[in-house]
Amino acid sequence: MIDQKPLDGIRVLDLTRVLAGPFCTMNLADLGAEVIKLELPGHGDDSRSFAPTLPSGDSGYFYSVNRGKFSLTLDLRQPDGAAILLELATKADLVVENFSPGTMERFGAGYDRLAAQNPRIILCSISGFGQTGPMASAPAYDIVAQALGGTMSITGPPDGEPVRCGVSVGDLAAALYGVIAIMAALRVCDRTGRGQHLDIAMLDCQVALLEDALARFSATGVVPGPLGTRHPSITPFQQFRASDSFFVTGCGNEPIWLRFCGAIGLPELKDDARFRSNAERTRNHAALEGILKRHFAAKPRAHWLKLLTGASVPCAPIANVQEVAHNPHLIARGMIVRADHPGFDGLLVPGTPLKSRGDSGVPNTRAPSLGEHTDDVLGRLLGYDRSRLSSLRSRSII
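Report on the accompanying structure. (Residues numbered from 1 in each chain as written. Predicted model: local features only at pLDDT ≥ 70, side-chain atom pairs only at ≥ 80, totals over all residues. Heavy atoms only, no water.)

**Observations regarding the side chain of Gln206**
Selection rule: Helical segments are the DSSP runs of H or I of at least four residues, strand segments are the runs of E of at least two, and each set is numbered from the N terminus. Per-residue accessibility, obtained with a 1.4 Å probe over protein chains only, is compared with the maximum for each type, and a residue is labelled buried under 20%, exposed over 50%, and partly exposed between these values. Residues count as neighbours in contact if any of their non-hydrogen atoms are within 4.5 Å of one another.
Secondary-structure assignment places Gln206 in helix α8 (residues 202–208). Look at Gln206 and you get buried, because its relative accessible area is 1%. Once residues within four sequence positions are removed from consideration, Gln206 is found in contact with Ala145, Gln146, Gly149, Thr151, Val169, Gly170 and Ala173.

As structure tokens, then:
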């Protein structure tokens, strides 16, 4: 087994709330970083009150994106609270925040102040529209980023209403791009001894995920629209309904297409001039879909999946969340885990996909209660004694 994780020894001050920021820092914790979550005394991260509510009374949502962290309560709105943040920054490698642009400066803890305390500090700011530009101060949620970034316009059934993705891809993309930027900044700091201010915008990340939509628009002049489950340039590559339920399959190259035709009992499609190449199949997708839909409707899903799997054609049932939770492959891969929750032993959360050979890949699934580690962190890192902690607590700074 590997005893050391990539970010062992890295200390993160996590000022983030709800999803984009916490998901970013949770992945840093999975990679071995010590993540200290700073929360407002008496309130904490807004997501502590989000559904689902567990039998213990706390939030399953919060537990899903804050595992493996320490919680310290600190009121940054008070000058003494901001001063403690600056003091903590001297003991940290990284600060992550997702306040509105300008908020850190109003706290007196913007990047220039942090860097003056610790030249190696990296500040990662995650926001809706970035730290610069005409929309920098505008409020944003995941659905705003999906809408303005074009994602919703190409999601959903053909000729239907725009559809939001089933997961918060606006938040999650920003979180993961944040992790990438942080890893790169840590590498730069190793070489130069200097930190930097990283500017991650949810909208930027949505545009970065448009795949080839911009290329298709600029090459053809045609505005891309929703295609349901169909791929814009690979055919077939979509869902189909069998006699009992749905499944998906895709033919990404000609050898797979040939195997597909033989496996499903329609070898004549191989020689049909309309379908001899992927370009022709895509051009004539409506005709091909009609043939396949009628054919697949005659037998149950298990029948088709067995034939396609036997021919090494990519395919899968469309699993619901209950089926995902019981998938033996995911369980074997450590992707379905029981959270270490002191009051509810039935909470399932995703494992970490960040695995390496020899590493079990099982993360610390315990999420902290509000302020659980305040005294420990301030005592351990800054040497605060009981008297000082009591004074700070009496003034609601911690």
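We are not done yet, so read on.
**Section: the packing of aromatic side chains**
Here the distance between the centres and the angle between the planes together describe a pair of aromatic rings. The following threshold applies: Paired rings are identified among Phe, Tyr and Trp, the last through its six-membered ring, by centres lying within 6.5 Å, and are further divided according to the angle between planes into stacked (under 30 degrees), edge-to-face (over 60) and tilted (the rest). Criterion for a charge above a ring: Lys NZ or Arg CZ within 6 Å of the ring centre, and within 35 degrees of the ring normal.
Counted according to the given criterion, the structure contains 8 aromatic pairs. Relative to Tyr61, the ring of Phe50 lies with its centre 5.2 Å away and its plane at 75°, an arrangement referred to as edge-to-face. Taken together, the positions of Phe50 in the loop between β2 (34–39) and α2 (60–65) and Tyr61 in helix α2 put the pair 11 residues apart, joining distant regions of the chain. Judged by its relative accessible area of 29%, Phe50 falls in the partly exposed class. Members of the aromatic cluster, each reached through a chain of ring pairs, are Phe240, Phe247, Trp257, Phe260, Phe296 and Trp304. The cationic tip of Arg388 hangs over the ring face of Tyr384; the distance from NZ or CZ to the ring centre is 4.0 Å.

**Here's the deal with the sheet that holds strand β8 (residues 246–250)**
Selection rule: Pairing between two strands is assigned when DSSP locates at least 2 bridges connecting them. Axes, fitted as lines to C-alpha atoms, cover a helix only where it is in contact. Angles between the N-to-C directions of the axes lie from 0 to 180 degrees.
With respect to topology, 3 strands assemble into an open sheet ordered β7-β8-β9, the strand pairing being antiparallel. With partners counted over all chains shown, the strands left at the sheet margins are β7 (237–241) and β9 (315–317), one partner each. For this sheet, the mean angle separating the axes of adjacent strands, direction not counted, is 20°. In terms of strand pairing, β8 meets β9 through 3 bridges, oriented antiparallel. Bridging from a neighbouring strand, Val248 pairs with Ala316 of β9. Of the strands in this sheet, β7 and β8 touch helix α12 (residues 285–296), which is tilted by about 40° from β7.

**Some remarks on the side chain of Asp45**
For clarity, the cut-off: Two N or O atoms form a polar contact when they lie within 3.5 Å of each other; inside protein one atom must be a possible hydrogen donor and the other a possible acceptor, and for residues adjacent in sequence the pair counts only when both atoms belong to side chains.
Residue placement: Asp45 occurs in the loop between β2 and α2. In this structure the side chain of Asp45 is engaged in a polar contact, spanning 3.0 Å, whose partner is the backbone nitrogen of Val18. Only 2.9 Å separates the side chain of Asp45 from the side chain of Lys37, close enough to count as a polar contact. Setting aside anything within four residues of it in sequence, one finds Asp45 in contact with Thr16, Arg17, Val18, Pro22, Lys37, Glu39, Phe62 and Asn66.

**What to know about the pattern of salt bridges**
What counts, and what does not: Definition used for salt bridges: Asp or Glu carboxyl oxygen within 4 Å of a side-chain nitrogen of Lys or Arg.
All chains considered together, the criterion is met by 18 salt bridges. Note that Arg77 is salt-bridged to Asp75, the shortest N-O span being 2.9 Å. Taking the shortest distance from any N to any O, the salt bridge between Arg281 and Glu254 comes out at 3.0 Å. Residue Arg281 is located in helix α11 (residues 278–283), and its partner Glu254 is located in helix α10 (residues 254–263); the two are separated by 27 residues in the primary sequence.

**Comments concerning the sheet that holds strand β3 (residues 69–73)**
Taking strand neighbours across the sheet as the criterion, the 6 strands line up as β3-β2-β1-β4-β5-β6 in an open arrangement whose pairing is parallel. This sheet does not close on itself; its edge strands, each paired only once, are β3 and β6 (197–201). With direction set aside, neighbouring strand axes in the sheet form an average angle of 20°. One ladder, built from 5 bridges, connects strand β5 (residues 122–127) with β6; its direction is parallel. Its bridge partner lying in β6, Ser127 is registered against Ala201. Each of β1 (11–14), β2, β3, β4 (94–97) and β5 is contacted by helix α1 (residues 20–30), which is oriented at about 155° to β2, the strand it contacts most. Docked against the sheet, helix α16 (residues 374–382) engages β1, β2 and β3, running at close to 90° with respect to β3.

**Points about the pairing of β1**
This is how the line gets drawn: Seen with its strands pointing away from the viewer, a crossover is right-handed when the path leading from the first strand over the helix to the second is clockwise.
With burial as the criterion, each face of β1 is covered, one bearing Arg11 and Leu13 and the other bearing Val12 and Asp14. Of the pairings in the sheet, the one linking β1 to β2 comprises 4 bridges and is parallel in character. Its bridge partner being in β2, Leu13 is matched across the sheet by Ile36. Remark: the β1/α1/β2 crossover connection has right-handed handedness.

Everything listed is a geometric property; what it means functionally is a separate question.
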